[in-house]
Amino acid sequence: MIQFEIDQWQAWAPGLASTDDWANWAGDPCELESSDAQPDVSFLPAMQRRRLSRLARMVFAVATPLAANRAPMPLVYASRHGETTRTFAILNDLASDEPPSPTQFSLSVHNAIIGLWSIQQQDTSEMTALAAEGDGLEHAVLEAALLLGEGAPEVLVVVAEDQPPAVYAPWINDVSFPYAVALLLKPGKTWQLSLETAEPAARQASHPHAIKLVHALLKDQPTFQNTWESRQWNWQQTC
């Protein structure tokens, strides 16, 4: 079991950018849908914005408000599929006997986004990119809790997924809409997270784990469970 405090959070999905948007959704949590919408990152320099994929824009959109006016801090980023769209573009170039774009290639690796974040924030703190499964939220929080235990006063956690190209649909069925969630974690005992073995879920949860956490935070829900394969993660708010 690990313990921590969620000091602040920020989330983005198509049509849901502000806390009020998410509060309205939590009152009637309908299924979120796919969209070509992009988060607003007008606070970034134009040259940097042009380099960012939608996935990267989502990460910057949710992480920046939590890092504003704060000292440099470690960051843990988790994504199951990462920059699949960029990788697919590179594969298309190769299949067409076209030379792949060096920029596309350099920004397609899994830790490229945290590299861009480090440069933009001028932050050389420890940063980790996790290639996680559907319970990437919990693995990221576990990693952050270990950093808190080593003395970090606060850790930024970001979980983000963009929809892969349609050609991947037969193999990737766990991302029905793009989203990003950022958490500012601090030492404390407000939340407990524990793991136990469970029977694999018969069906996939209606919302990603990070979105379920946003719902729990907005509804002041004291306990809930997230299950992925045989792993059951038990969330409990203690005060």
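Look up a bit, the structure's there.
(A) Representation of the packing of aromatic side chains within the structure. Per the counting criterion, the structure on display carries 8 aromatic pairs. For the pair Phe60 and Trp117, a centre-to-centre distance of 5.5 Å together with 70° between the ring planes defines the contact as edge-to-face. Separated by 57 residues along the polypeptide, Phe60 in helix α3 (residues 54-67) and Trp117 in helix α6 (residues 112-121) bring together distant segments of the chain. Summarising the aromatic geometry, the rings of Phe88 and Tyr168 are spaced 5.6 Å apart at their centres and angled 70° between planes, so their arrangement reads as edge-to-face. With a gap of 80 residues between them, Phe88 in helix α4 (residues 84-95) and Tyr168 in the loop between β4 (155-161) and β5 (179-197) connect regions that are remote in the sequence. Classification of Phe88 by relative accessible area gives partly exposed; the value is 24%. Each member of the aromatic cluster is reached from another via a ring pair, and the members are Phe4, Trp191, Phe224 and Trp235.

(B) Spatial organisation of the packing of helix α1 (residues 19-27) against helix α8 (residues 209-218). Contact geometry for α1 and α8: axes closest at 10 Å, N-to-C directions at 90°. When the interaxial angle is binned, α1 and α8 end up roughly perpendicular. Between α1, through Trp22, Ala23, Trp25 and Ala26, and α8, the contact on the second element is made entirely by Ile211, Val214, His215 and Leu218. The residue inventory of the contact of α1 with α8, partitioned by class, reads 7 nonpolar, 1 polar and no charged.

(C) Molecular detail of the nonpolar core. Judged by nonpolar contacts, the single largest core of 40 residues is most densely connected at Phe4, Trp22, Val141, Leu183, Leu185 and Trp235. Counting residues per element, this core draws most heavily on helix α7 (residues 136-149), which supplies 7 residues. Every residue in contact with Leu185, bar those within four places of it in the chain, is listed here: Phe4, Glu5, Ile6, Val141, Ala144, Leu148, Pro153, Glu154, Val155 and Val157. Counting 30 residues, the second largest nonpolar core, distinct from the first, contains Val62, Met73, Leu75 and Leu107.

(D) Structural detail: the pattern of salt bridges. Applying the stated rule across the entire model yields 9 salt bridges. Of the charged contacts in the structure, one is a salt bridge between Glu154 and Arg70, with a shortest N-O distance of 3.0 Å. Of this pair, Glu154 sits in the loop between α7 and β4 while Arg70 sits in the loop between α3 and β2 (75-79), placing them 84 residues apart in sequence. Given the relative accessible area of 12%, Glu154 is considered buried. Under the relative-accessibility criterion, Arg70 is labelled partly exposed at 28%. Residues joined by salt bridges that share partners form a network here, namely Asp7, Arg70, Glu154 and Lys186.

(E) A look at α8. Among the 10 residues of α8, 7 are classified as buried, and the element is accordingly described as predominantly covered. Regarding α8, the residues found buried are His209, Ala210, Ile211, Leu213, Val214, His215 and Ala216. Phi turns positive, to about 50°, at Asp220, one or two residues after α8.

(F) How the structure looks around the pairing of strand β6 (residues 223-228). The two faces of β6 differ: Phe224, Asn226 and Trp228 on one face are buried, but Thr223, Gln225 and Thr227 on the other face are not. Here β6 pairs with strand β7 (residues 231-237) via 6 bridges, running antiparallel. Bridge pairing in β7 links Thr223 to Gln236. As consecutive antiparallel partners, β6 and β7 are separated by 2 residues, and within that stretch Glu229 has a phi angle of approximately 55°, a positive value.

Cut-offs used in this document
- Residues numbered from 1 in each chain as written.
- Predicted model: local features only at pLDDT ≥ 70, side-chain atom pairs only at ≥ 80, totals over all residues.
- Heavy atoms only, no water.
- Phe/Tyr/Trp six-rings, centres within 6.5 Å; stacked < 30°, edge-to-face > 60°.
- Helix = DSSP H or I, 4+ residues; strand = E, 2+ residues; numbered from the N terminus.
- Buried < 20%, exposed > 50% of the residue type's maximum accessible area, 1.4 Å probe, protein only.
- Axes fitted to C-alpha atoms, helices over the stretch in contact; angles between N-to-C directions.
- Parallel < 35°, antiparallel > 145°, perpendicular 65-115°, else oblique.
- Contact = heavy atoms within 4.5 Å.
- Nonpolar A, V, L, I, M, F, W, Y, C, P; charged D, E, K, R; others polar.
- Core = buried A, V, L, I, M, F, W, Y, C linked by side-chain atoms within 4.5 Å.
- Salt bridge = Lys/Arg side-chain N within 4 Å of Asp/Glu carboxyl O.
- Pairing = 2+ DSSP bridges.

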